[in-house]
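Geometric and topological summary
In case you want the letters, here they are:
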Amino acid sequence: MGVIIGPRVIEAGLSLQLAWLSPLPVAAGYPSPAQDYFDGRIDLNAHLIKDITSTFVVRVTGDSMERAGISDGDELIVNRALEPRDGSVVVAVLDGELTIKRLRITATGVVLQAENPKYPDIRVPALSELTIWGVATRCLHHV
Amino acid sequence: MSKPATMRQMPEIAHVDVNCFYASAERVFDPSLEGKPLIVLSNNDGCAVARSPEAKALGIQTGEPWFKLAPRAKEWGLIAKSSNYELYGDISARVMELLGRYSAWLEVYSIDEAFLGVKGTPERLLELGRTIKAAAARNVGVPVCVGIARTKTLAKLANKWAKHNPAFGGVCRWDSVPPRQQEALMARLSVIEIWGVATRITKRLNAMGIHSILDLQRADPVRIRERFSVVMMRTVLELQGTPCIPMEEARIGRDQLIFSRSFSTPITSTRDLRQVLSVYAQMASARLAKHELQAKLLTAFAGTSHFNARQTAFPSVCVPLPMPTADPVILTKAAHALLPSIVEGTRYARAGIMVTDLRPSGNQKPLEHFENPHEERRIGTLLEDVTKRYGRGSIGLGHAGIRGGPDWTMKRGMRSPRYTTHWDELPRVKAA
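Here goes a summary of the coordinates provided. (Residues numbered from 1 in each chain as written. Chains lettered and ligands numbered in written order. Predicted model: local features only at pLDDT ≥ 70, side-chain atom pairs only at ≥ 80, totals over all residues. Heavy atoms only, no water.)

We now examine the overall build of chain B. A tally of helices and strands in chain B yields 16 helices and 15 strands. Looking at chain B as a whole, 56% of its 432 residues are labelled buried. Looking at chain B alone, contacts between residues at least 24 apart form 66% of all its contacts between residues at least 6 apart. Carbon and sulfur atoms provide 54% of the accessible area of chain B, an area that totals close to 19,500 Å². (Helix = DSSP H or I, 4+ residues; strand = E, 2+ residues; numbered from the N terminus. Buried < 20%, exposed > 50% of the residue type's maximum accessible area, 1.4 Å probe, protein only. Contact = heavy atoms within 4.5 Å. Areas by Shrake-Rupley, 256 points an atom, 1.4 Å probe, with all protein chains shown as cover.)

Bringing the pairing of strand 12 (residues 316–325) of chain B into the picture now. Residues and elements named next belong to chain B. The element strand 12 is extensively covered by neighbouring structure, given that nine of its 10 residues are classed as buried. Two strands pair when backbone bridges link them, and strand 11 (residues 293–304) and strand 12 are joined in this way by six bridges, in the antiparallel orientation. When the sheet's bridge partners are listed, phenylalanine 301 is paired in strand 12 with serine 316. (Pairing = 2+ DSSP bridges.)

Let us now look at the sheet that holds strand 4 (residues 79–82) of chain B. All names here are of chain B. The strand order across the open sheet built from three strands is 3-2-4, with neighbouring strands paired in mixed fashion. Either end of the sheet is taken by a strand with one partner, and the two such strands are strand 3 (48–51) and strand 4. The mean inter-strand angle of the sheet, taken between neighbouring strand axes irrespective of direction, is 30 degrees. Sheet topology places strand 2 (residues 38–41) next to strand 3; three bridges connect them, and they run antiparallel. Counted as the bridge partner of leucine 41 is alanine 48 from strand 3. (Axes fitted to C-alpha atoms, helices over the stretch in contact; angles between N-to-C directions.)

Turning to a positive patch on the surface, a few remarks are in order. Residue and element names in this part refer to chain B. The grouping of Arg200, Arg204, Arg223 and Arg227 at the surface amounts to a positive patch. Of all the elements in the fold, those that place two or more residues in the positive patch are helix 9 (199–207) and helix 11 (221–227). Along the polypeptide, arginine 204 turns up in helix 9. (Patch = residues over 30% accessible without salt bridge, like charges linked within 9 Å, V, L, I, M, F, W, Y side chains within 5 Å. Salt bridge = Lys/Arg side-chain N within 4 Å of Asp/Glu carboxyl O. Lys, Arg positive; Asp, Glu negative; His and termini not counted. Charge placed at Lys NZ, Arg CZ, Asp CG, Glu CD.)

Here we come to the sheet that holds strand 6 (residues 113–118) of chain B. Residue and element names in this part refer to chain B. With mixed pairing, five strands are arranged side by side in an open sheet as 5-6-1-7-8. Only two strands of the sheet have a single partner each, and these edge strands are strand 5 (106–110) and strand 8 (171–173). For this sheet, the mean angle separating the axes of adjacent strands, direction not counted, is 15 degrees. Pairing geometry for strand 7 (residues 144–149) and strand 8, over three bridges, is parallel. Opposite valine 146, over in strand 8, you have valine 171 as the bridge partner. Here helix 5 (residues 85–100) sits on the sheet in contact with strand 1 (12–18), strand 5 and strand 6, set at roughly 155 degrees to strand 5.

Here strand 2 (residues 75–79) of chain A runs beside strand 7 (residues 131–140) of chain A; their pairing, made up of five bridges, is antiparallel. Its bridge partner being in strand 7 of chain A, valine 78 of chain A is matched across the sheet by alanine 136 of chain A.

Residues and elements named next belong to chain A. With respect to the helices and strands, asparagine 79 occurs in strand 2. Side-chain polar atoms of asparagine 79 contact the backbone nitrogen of alanine 81, separated by 2.8 Å. Among residues more than four places away in sequence, those in contact with asparagine 79 are Asp51, Ser54, Thr55, Gly134, Val135 and Thr137. (Polar contact = N/O pair within 3.5 Å; in protein donor to acceptor, adjacent residues only side chain to side chain.)

See the structure below:
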């Protein structure tokens, strides 16, 4: 996973020191604080959700993301705080609906791609004209 | 004339609240509601309790009965939602957790507003306000406004100003506004617009020749105390810039009840915090019973002190209650759901509980047996064990207990899914 960005620019006096000590998300691979405890079983919340405040679980309807391993009925873990980048699987707001797509940011523009040849790409003039609801970090695929 | 640097760095108070909270919470998971007139209805779909700006623009008033609005809803494009307190409670908890990152001094004031202690240069404070606004929009998905001032009363007023005047971009620091503009605003607004001034008092103030906020600000605090109360005098002093409204410990509002307190000595153990939460839950229970109310949702929270900037934590948990209740055992158990998030050794300086989704207890008198708190202890444990084994709703107190009790009769036909608290009601994302 890429670098995860937490709340930014917190500088007013007192808050400055606090900001980075608060439960900020960390890059994957960093040892989880949960590993300090040996008295419990694996807690999926601790491992799959880095920022509980901005993380939501959503359910997929449709097959347009099949090639990314995301199927109809799967649950996705979506973090609203993440910066969407080229290649991110994002939940975007399209025509008032939450829609899951692969985000492509290239020199020629911004494209929302399906991961299924049946569905056409959606070109967007600029990232600023797109409402990204959140960035998917995990898929809970039904096997 | 510039003030010395130390003067400009006095601690200030930020008041943050979510715009049209219930309507905004609904919009997080249903962007199609964006830009449309939306109202949220009271329990039993009785009347409008929250309105989106578009609904306000239609002239719909808070408290307007739904049966009067329903015939015209289609023509207006008005969308009504039954209240979804589990959703609002969870979104509220997320907002409060987020705010906790920006200040170690956080007073959760209601389901949708909080006071934060902040410090810094005027520019930094404004920047902080904008950062908070952006973070709430991005991390949680709700719009907030921020008012920053030397006192709580002025911070509330600044917030109101920020909401109504788009020029502020949702963030207003009182002292950053030229005094002439402050005065113009205060002269324009009636005293009733001030936090804590009721209609009854307004009439008496008017009789004294005090009509606008500016009139009140210029009033003699001593005279106000003589004619009214020390509470009213505090309001005057606060308007003049002298902070004197302390942290409040208990409040009952239209749709929520809060118990929260700072500790003289920080609490560092789960055991002690368990006791504190138990006491609050029992206080909440007593207060609910006194007002003949029952709650359906409980939020428990704790926070570290701003004196200990090296260790901050603001755990918060939102617990849907198995039935509308004022029962001390059930409320206590629910409050204890916070305990797993408590880190042993962390110095918690305050804790609290909030109960929401309140409704009249009606004539559902509990069996006398259940009214005795000593008897209830064991029953509470038994209930919990049975619930753990056989699931929620398998056992309950009296005839109010099983499967929602009074909820049977509750109309909630237009409720949106409980997106964040029920696995079978998760938000849907389209892959098409």
